[in-house]
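The chain contents come next:
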Amino acid sequence: MSVAVETKALTPPDIAARKGRDRIVCLTAYTTPLARLADRHCDVVLVGDSVGMVLHGLPSTLSVTLDMMIMHGKAVRRGLDRALMVVDMPFASYEEGPEQAFRNAARLMAQTGCAAVKLEGGESMAETIRFLTAHGIPVMAHVGLTPQSVNVFGGYKVQGRDGDADRILRDAVAVAEAGAFSVVLEKVTEPLARRITAEVTIPTIGIGASAACDGQILVVDDMLGMFTGFRPKFVKRYAELGSEADAAIAAYAADVRDGRFPATEHVFDDAPKAGDVA
Ligand code: KIV
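Procedures and definitions
- Residues numbered from 1 in each chain as written.
- Predicted model: local features only at pLDDT ≥ 70, side-chain atom pairs only at ≥ 80, totals over all residues.
- Heavy atoms only, no water.
- Helix = DSSP H or I, 4+ residues; strand = E, 2+ residues; numbered from the N terminus.
- Contact = heavy atoms within 4.5 Å.
- Near = heavy atom within 4 Å.
- Polar contact = N/O pair within 3.5 Å; in protein donor to acceptor, adjacent residues only side chain to side chain.
- Areas by Shrake-Rupley, 256 points an atom, 1.4 Å probe, with all protein chains shown as cover.
- Nonpolar A, V, L, I, M, F, W, Y, C, P; charged D, E, K, R; others polar.
- Buried < 20%, exposed > 50% of the residue type's maximum accessible area, 1.4 Å probe, protein only.
- Arc of directions from axis to C-beta.
- Axes fitted to C-alpha atoms, helices over the stretch in contact; angles between N-to-C directions.
- Parallel < 35°, antiparallel > 145°, perpendicular 65-115°, else oblique.
- Left-handed = near helix turned anticlockwise from the far one by under 90°.

Draft legend 1. Region of interest: the environment of phenylalanine 181. Here phenylalanine 181 shows up in the loop between helix 8 (165-178) and strand 6 (182-186). Not counting chain neighbours up to four residues away, the residues in contact with phenylalanine 181 comprise Pro12, Ile15, Ala16, Leu84, Val86, Ala116, Pro138, Val139, Met140, Ile202 and Pro203.

Here it is, written out as structure tokens:
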């Protein structure tokens, strides 16, 4: 079923107001062409720090920099008319305290044109979230599995199974009370996602957190099947672009090696022919 989408640009209060009403569709994007496609169908486009792993081949998000987020943020901005644009604050750009977070979030907003930032952490980030929102910076929070803390967790494990469900619930409540307009729940069990969604006043956006959440987000390259080997349980692949690209590149290589490409229709003559395009 296709749903008619609003045409005005969405704001953080618009997203917050969806709580318990319409489901919120979110997707990451890192480039202008994919931002344009996402903008046609999604409510929120996140320039996630997953860009480091997805586009730059980094082993984790820990070495993603503010400059990388700004470069990809600018590219995404050019592709958006309607969706709310959120940019991730990379590791070490906000953890020292509210002033550092404000300085870097303001730079992200000024240089990319995003309307909100996302940062990872629960109770420990509440003071920073309160400061940012009080000073004009809307915040999407992120609790549960927070990939920037992968070394503390000891891997990308499901959260909420080892007696830590109450702590994660407290984290979600703390960021909501601090003024976040929404909260990403990453890789938490369905019962915990259900509890958090029922308890907090802001929309929960799930990734690996079940349909109990108010909205969903996926990494665009995952759902498009850009990676052949990588198949996390929580990702539904809506396409297999990685295999298609592989087959296309193999066909191109064979055509070049066998002299089938370029063919007559790809070649310029001294005088233009009827129907020639650039
Ligand atoms: O960096 C990212 O893409 C994210 C989403 C997976 C929520 O944080």
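Draft legend 2. Up close: the site of the ligand. Taken together, Thr28, Leu46, Gly48, Asp49, Ser50, Asp88, Lys118, His142, Ile207, Ile217 and Val219 make up all the residues around the ligand. Between the ligand and the protein, one listed contact pairs an oxygen atom with a side-chain N or O atom of aspartate 49 at 3.0 Å. For the ligand, an oxygen atom lies 2.5 Å from a polar atom in the side chain of serine 50. When isolated, the ligand has an accessible area of 260 Å², and the protein chains bury 95% of it. By residue class, the composition of the shell around the ligand is four nonpolar, four polar and three charged.

Draft legend 3. Inspection of helix 9 (residues 190-199) at higher detail. Restricting attention to buried positions, one finds in helix 9 the residues Leu192, Ala193, Ile196 and Thr197. Projection of helix 9 onto a plane perpendicular to its axis shows the buried side chains occupying an angular sector of 130°, all on one side. Turned more than 90 degrees away from the buried face of helix 9, the exposed residues are Pro191, Ala198 and Glu199. Those residues of helix 9 that are buried are in contact with helix 8, strand 6 and strand 7 (204-207).

Draft legend 4. Quick look at unusual backbone geometry. Note that the residue after phenylalanine 261, namely proline 262, is joined by a cis bond; omega there is -5°. Tracing the sequence through the fold places proline 262 in the segment after helix 11 (241-258). Positioned with a positive phi, alanine 92 is a non-glycine residue whose angle comes to about 75°. Positionally, alanine 92 belongs in the loop between strand 3 (84-88) and helix 5 (98-112). Residue lysine 187 is not a glycine yet carries a positive backbone phi of 50°. Along the polypeptide, lysine 187 turns up in the loop between strand 6 and helix 9.

Draft legend 5. Looking closely at the packing of helix 8 against helix 9. Put simply, helix 8 and helix 9 touch, their axes get as near as 10 Å, and they point 30° apart. As summarised for this structure, helix 8 and helix 9 are arranged roughly parallel, according to the angle between their axes. The two elements helix 8 and helix 9 meet at a crossing, and its hand is right-handed. Note on element contacts: helix 9 touches helix 8 through Leu192, Arg195, Ile196 and Glu199, opposite Ala165, Asp166, Ile168, Leu169, Ala172 and Val173.

Draft legend 6. Region of interest: the packing of helix 4 (residues 66-77) against helix 5. Viewed as axis vectors pointing N to C, helix 4 and helix 5 meet at an angle of 30°, and their least axial separation amounts to 9 Å. In this structure, helix 4 crosses over helix 5, and the sense of that crossing is right-handed. Side by side, helix 4 and helix 5 meet where Leu66, Asp67, Met69, Ile70, Gly73, Lys74 and Arg77 of the first sit next to Asn104, Arg107, Leu108, Gln111 and Thr112 of the second. When its residues are assigned to classes, the contact of helix 4 with helix 5 shows four nonpolar, four polar and four charged.

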